[in-house]
Structures are given as C-alpha cells and as structure tokens.
Amino acid sequence: MQEAITTSPERSPSTDEVDPIDPAIRIRDLDFLYGSNQVIHNVSLDIFPKEVMAFIGPSGCGKSTLLRCLNRMNDLVDGARIGKGSIEIHGVDVHDKSVDVIELRKKVGMVFQKSNPFPKSIYQNVAYGLQIQGVKSKRVVDQKVEESLRKAALWEEVKDRLNENAYGLSGGQQQRLCIARTLAVEPEIILMDEPCSALDPVATGRVEELILELKHEYTIVVVTHNMQQAGRISDRTAFFYLGKLIECDRTKKIFLNPSKQQTEDYISGKFG
Amino acid sequence: MTTQFEHNLENLKSKLLLMGQLASDSVQGAIKALLEGDSVLALAVRAKDEEIDELENELSEEVTSCLSTHAPVASDLRLLVSIIKISHEIERIGDEAKAIARRSRKTATPDFHRIPKMGEIAREMIQDALSIFVEYDEDKAKAIWTCDLEVDQLHKENNQFCQSLVEKDPTTTSSVFEVLFISKSLERVCDHAVNISKETVFMATSRDVRHAPEFKKSALRKELD
C-alpha cells in the first residue's frame, strides 16, 4: 500500500501544536481505468480544507482524470472505472452506492477549461442551480445571485445588465460567471480544470486573484499546465507522471527545491 | 542536446567565475603593490576594478533577461538568484582591493605586521568560495567560515600592534591609520568570501544559512574552543 502523501499546508506554529486537520479529500491507493487502459496507478493523497492544491504534469499523466474522479464526472465516460482504492470526502466514500451524485456535484463543483455558460441571461446562469434545487423565493434567489456574482468578482461589471445574454460577456467574464454559477449552490470544494488556459493575461490575473479570495471559504483543486500559475495560487502542488503521483509538497518547496529529479526536470521544462 | 537556456546559464557561470578570478587577482595585486611599494601595480589594480564593475552590470542584465524570458524554477532559479548575489559580493571585493591599492601609495611603514598573512588567507578564501560554486562541497564551505575567525584574530592583532606603534611614536599616526584601514579592508574581503560560500549553500541545497545561529561567528568560535 502506497503511503499517503500528507504534507499538510503551511500553518502557523501555534496551529501546528493543536489537533491535526482532517483532510477534506482523502484519496487512497487509487487505480483508475478507461476500459483496459489504466491511467491512474495507486495514488494516495490528502487535500486539506481551504487549501489550493495544484495538479501538474505533462498531458496524459492522469491529473484531469483524477480531478474528475473527485466528483464522479468520469461516470459519464463509457468504460471508465475504479480498479481499486477509494476517494473520501469528509469521510464519505464518493463511489459508495448510497451516494447521490447530484448532491455530490453540488458539494464538489467544477469549473472547466473552456467557459460554458448556458444560452441564457447572466442572471439565469447563476440562478439555474438554485431553481433546479427547488428554491422558489425570488428574494432568496436574487440575494444568492448577487452574493455569488460578488464572490466571483463579477457583480460590479454586470449588475446593470443581468438580463443580457451571457454570451455577450468577454471570455474572462464568462469564466467568472461559471465560477459564480458554481458558488451559487454552495459547494465546499471547487475543482478547476485549466480554468485560465483560454484566457488572456488580464483575465487570467482576475481569475487567479479570485482563487486566492475563494480559498478563504473553499477547498480548491486546480489542474494547470502553467507552472507560474501553480506557483502563484496554490499552497501545495502535486506532480503526476504516467498516472503516478511522483511528489506532493508545499508549492514553495516544489518550485525552489523539489525532492524528485523527475519533478525538477518537468517544472524546469526539460521534458513534457 | 543543450538548450539555449542551458547554454545561457553556462555562460553566466563562466562570467561569474571570471569576475571572481579578477577580484582574487586584484586582492593579490593590491597586497603585492603595498608590500613592494609598486605604484604601477597599484594603478593596474584600480583599473581592474572597472572591469569587475562592468562584469557585474553585464551579469545583472543577463540574469534579469533570463528571469523574465524563461521564468526559471528550482535549481535554475536558485542558480540565477545566487549569481546576482555573488556578483555583488565579488564587486565589493574588487572595491576593497582598489581601496588597498589606493592606500598602498600613502603607507610608508616598514612593518605591516599580520597583513601579508591576512592577504594570503583572503586569497585562499576567495578561491575556495569560487571552487565550491563550481563543485559544491559543504565541508569546504564550513572551512571557509572557520578561516574567517582566524582573519578576525589577525585583524585584532593588527589593531593592537598599531595602537602600540602610535603610543611609542605619535608621529606615525597617519601611516598607522592606513595600515589599520587596509587590515579592515582585508577583513571585509574575507567576510565577502564567507557570504559567497553561504550563497553557494543556498544554490546547492536551497538552505538559507546566512543568519543560521549555528553558523554565526560566536557559535563557530564556541565549536572551535
């Protein structure tokens, strides 16, 4: 059994002396396959509450697959299955038959590489999740829409055009709208799969600032190919290669003095 | 295949070593000029300082360019940060050598007491610091820090010697002061060599030992005792 990589996020010395933090996500000995093709090999990893964890690694290393395992997005892929191991969120095995996947995805929201607003108004995009949850009170929905747009740092830019089509927003604004849509259903964990890869540097900067704000309230897991971005926004970084977790440590350590040569070679651009 | 970036790093390392060698030669030249009263050599040392300054400027510009265009991480980042810091230390060594060369023309004392010995140690310390930049050796780094204690002791002995000279013959005060300043310059040269070696520890291991209590002079002295 692979020993879990549990380097905890940086904490003040006084915090270190009290009880250790329980992980928000506990991955143990995970194997994952698409048909007969095993793409994740024996991964064990803890992700702690209110930390930003970055997953890095070359294309095909399994980082997006692992991310999608966390809220069972892979259930939608034919032949995708767990070989062995488990993923627990706050102690509950997410692949247990009793788990309601809709509830799980409410708790573990996801933001994709390409912003994917619904072909509806800005307001409707954010309100949608609440409405399908059965929230009927317009006052409550209005309040939640404003709150979510404020948290996503978009309110000031859209407050006077909430009824306009979301497609009229810029790429960066659309991505922040998708984040607002995720926040509206009050998740605990937000998964982000290369959230800035289609954005220009200014929009990227805004989303990164937003991630740094959101981490005060949410646990965030980000897949990124941008090493500098991982360095800027994450507390810890996990490096994956060929489906294996090679190293996970504090981001500062990974980018200054990684323990494994493979990690150093990848982040220095020597392969991948 | 060597990438352009790796090629740039090798060039920067070579340039830093060249700068270090020039500074080491300058210290040696300044002491020789002092002991032999060679004013031509003293002038050459002062000219060499300009070359050292120019290399520092070049390194600073090239490292900045590497940082901005390649956004290096891990050992590459540590190397570049260390090059900037070490080049500054070397530039200061060049300045001290120039100061010694300038003072050599004003000093007329026949007895330099511990200065020749300090000059020898200083040069060795610079060479050792440069050699661990090329090939990291932690024991050698620690030996440099211990050498520095010896230099401090020699500087102290120079102080006492100069004081006794002035007490015996107050007319020598001006010349004696020059010797004291030279002794202080050499003591500083050795401090810069120590700083270079501490930067190489960071470069090689990412440990910042500059202010580590166990490597402070008082702790090292206690260890030696």
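Nothing here was measured: the structure is a model prediction, and the numbers come from that model.

## Structural notes on the overall build of chain B
Then comes step 1: Helix and strand content of chain B: seven helices and zero strands.
Then comes step 2: Along the chain direction, N to C, the helices and strands of chain B fall in the order α-α-α-α-α-α-α.
Then comes step 3: Each principal axis of the C-alpha atoms in chain B carries an extent, and together these give about 65 × 45 × 20 Å.
Then comes step 4: Evaluated residue by residue, chain B yields a buried proportion of 45% over its 225 residues.
Then comes step 5: Sequence separation of at least 24 residues holds for 83% of the intrachain contacts in chain B that already meet a minimum separation of 6.
Then comes step 6: Carbon together with sulfur atoms contributes 51% to the accessible area of chain B, which is approximately 11100 Å² in total.
Then comes step 7: Between the averaged position of the 29 positive side-chain charges in chain B and that of its 41 negative side-chain charges there is a distance of 4 Å.

## Examining the overall build of chain A
Then comes step 1: For chain A, the helix and strand inventory stands at eleven helices and ten strands.
Then comes step 2: Its C-alpha atoms give chain A principal-axis dimensions of roughly 50 × 40 × 40 Å.
Then comes step 3: A burial count over chain A gives 51% of its 272 residues as buried.
Then comes step 4: A total of about 12600 Å² of accessible surface is found on chain A, and carbon and sulfur atoms cover 49% of it.
Then comes step 5: Looking at charge distribution, chain A has the averaged site of its 35 positive side-chain charges lying 4 Å from that of its 38 negative ones.

## Examining the confidence of the model for chain A
Then comes step 1: Looking at chain A as a whole, its pLDDT mean stands at 92, while 93% of the residues score no less than 70.
Then comes step 2: Every residue in residues 11-18 of chain A is under pLDDT 50, and counting partners more than four places away or in other chains gives three contacts.

## Focus on the packing of aromatic side chains
All names here are of chain A.
Then comes step 1: Under the criterion given, the structure shown has eight aromatic pairs over all chains.
Then comes step 2: When the ring of Phe55 is compared with that of Phe240, the centres are 5.1 Å apart and the planes differ by 70 degrees; the resulting orientation is edge-to-face. One end of the pair, Phe55, is in strand S3 (residues 52-56); the other, Phe240, is in strand S9 (residues 236-241), and 185 residues separate them in sequence. Exposure class is identical for Phe55 and Phe240. Each is buried.
Then comes step 3: The rings of Phe239, Tyr241, Tyr266 and Phe271 are connected pair by pair, giving a single aromatic cluster.
Then comes step 4: Seen from the ring of Phe118, Arg181 lies directly overhead, with NZ or CZ sitting 4.2 Å from the centre.

## Details of the pattern of salt bridges
All names here are of chain B.
Then comes step 1: Considering all chains together, one arrives at 36 salt bridges over all chains under this definition.
Then comes step 2: For the salt bridge of Lys142 with Glu138, the shortest nitrogen-to-oxygen distance reads 3.9 Å. Here the residue Lys142 and the residue Glu138 both occupy positions in helix H5 (residues 138-168), the gap between them amounting to four residues, near one helical turn.
Then comes step 3: The salt bridge partner of Arg210 is Asp208, with a shortest N-O separation of 2.8 Å.
Then comes step 4: Sharing partners across several salt bridges, the network here consists of Asp148, Asp152, Lys184, Glu187, Asp191, Lys217 and Arg221.

## A closer look at the interface of chain A and chain B
Then comes step 1: Taken together, the contacts link nine residues of chain A with eleven residues of chain B.
Then comes step 2: Buried surface at the junction of chain A and chain B, both sides included, amounts to about 810 Å², of which 50% is carbon and sulfur.
Then comes step 3: Where chain A packs against chain B, one counts seven residue pairs in polar contact (both at pLDDT 80 or more).
Then comes step 4: Those elements that place two or more of their residues in the side of chain A that touches chain B are helix H10 (251-256) and helix H11 (261-267) of chain A.
Then comes step 5: Considering only residue class, the side of chain A that touches chain B consists of four nonpolar, three polar and two charged.

## Some words on the sheet that holds strand S4 (residues 80-89) of chain A
All names here are of chain A.
Then comes step 1: The four strands lie next to each other as S2-S1-S4-S5, forming an open sheet whose pairing is antiparallel. Each edge of the open sheet carries a strand with a single partner, namely strand S2 (37-47) and strand S5 (92-93).
Then comes step 2: Packed on one face of the sheet, helix H2 (residues 63-70) meets strand S1 (25-34), S2 and S4 and runs near 120 degrees to S1.

## Digging into the pairing of S2(A)
Here is the key point about a regular strand: its side chains alternate between the two faces of the sheet.
All names here are of chain A.
Then comes step 1: In this sheet, S2 lies alongside S1 in antiparallel orientation, the contact comprising seven bridges. By the bridge assignment, Ile27 is partnered in S2 with Leu45.
Then comes step 2: Remark: two residues form the turn of the hairpin made by S1 and S2, two consecutive strands paired antiparallel; Gly35 in that turn has positive phi of roughly 65 degrees.

## A word on the nonpolar core
Considering soluble globular proteins, one finds that nonpolar side chains tend to be buried as a cluster.
Then comes step 1: Of all hydrophobic cores here, the largest spans 61 residues; its most connected members are Ile90(B) and Trp145(B).
Then comes step 2: When residues of this core are traced back to their parent elements, those giving at least two are helix H1 (4-36), helix H2 (39-70), helix H3 (74-104), helix H4 (115-134), H5 and helix H6 (173-205) of chain B.
Then comes step 3: A per-element tally of this core places H1(B) first, with twelve residues.
Then comes step 4: Counting residues in each nonpolar core, the second largest holds 35 residues, with Leu130(A), Leu154(A), Met192(A) and Ile211(A) among its members.

## Focus on the pairing of S1(A)
All names here are of chain A.
Then comes step 1: Counted residue by residue, S1 has eight buried out of ten residues, so it is predominantly covered.
Then comes step 2: Strand direction decides the pairing type here: S1 and S4, joined by eight bridges, are antiparallel. Across the sheet, the residue bridging to Phe32 is Ile82, located in S4.

## Topic: the sheet that holds S3(A)
Residue and element names in this part refer to chain A.
Then comes step 1: Spatial ordering of the open sheet is given by S6-S7-S8-S3-S9-S10, a layout of six strands whose pairing is mixed. A strand with exactly one partner marks an edge of an open sheet, and here the two such strands are strand S6 (108-111) and strand S10 (244-250). The mean inter-strand angle of the sheet, taken between neighbouring strand axes irrespective of direction, is 20 degrees.
Then comes step 2: Relative to S9, S3 is paired through four bridges, and the arrangement is parallel. Looking at the pairing, Ile56 lines up with Phe239 of S9.

## Digging into the packing of helix H7 (residues 171-184) of chain A against helix H8 (residues 201-214) of chain A
Residues and elements named next belong to chain A.
Then comes step 1: Where H7 meets H8, the closest approach of the two axes is 9 Å, and the angle between their N-to-C directions is 20 degrees. By the angle between their axes, H7 is roughly parallel relative to H8. Judged by the twist between their axes, the crossing of H7 over H8 is right-handed. In this structure, H7 contributes Gly172, Arg176, Ile179 and Leu183 to the contact, and H8 contributes Ala203, Arg206, Val207, Leu210 and Leu214.
Then comes step 2: Looking at side-chain class alone, the contact of H7 with H8 contains six nonpolar, one polar and two charged residues.

Definitions and limits used
- Residues numbered from 1 in each chain as written.
- Chains lettered and ligands numbered in written order.
- Predicted model: local features only at pLDDT ≥ 70, side-chain atom pairs only at ≥ 80, totals over all residues.
- Heavy atoms only, no water.
- Helix = DSSP H or I, 4+ residues; strand = E, 2+ residues; numbered from the N terminus.
- Buried < 20%, exposed > 50% of the residue type's maximum accessible area, 1.4 Å probe, protein only.
- Contact = heavy atoms within 4.5 Å.
- Areas by Shrake-Rupley, 256 points an atom, 1.4 Å probe, with all protein chains shown as cover.
- Lys, Arg positive; Asp, Glu negative; His and termini not counted.
- Charge placed at Lys NZ, Arg CZ, Asp CG, Glu CD.
- pLDDT = per-residue confidence, 0-100.
- Phe/Tyr/Trp six-rings, centres within 6.5 Å; stacked < 30°, edge-to-face > 60°.
- Lys NZ or Arg CZ within 6 Å of the ring centre and 35° of its normal.
- Salt bridge = Lys/Arg side-chain N within 4 Å of Asp/Glu carboxyl O.
- Buried area = accessible area lost by both parts, 1.4 Å probe.
- Polar contact = N/O pair within 3.5 Å; in protein donor to acceptor, adjacent residues only side chain to side chain.
- Nonpolar A, V, L, I, M, F, W, Y, C, P; charged D, E, K, R; others polar.
- Pairing = 2+ DSSP bridges.
- Axes fitted to C-alpha atoms, helices over the stretch in contact; angles between N-to-C directions.
- Core = buried A, V, L, I, M, F, W, Y, C linked by side-chain atoms within 4.5 Å.
- Parallel < 35°, antiparallel > 145°, perpendicular 65-115°, else oblique.
- Left-handed = near helix turned anticlockwise from the far one by under 90°.

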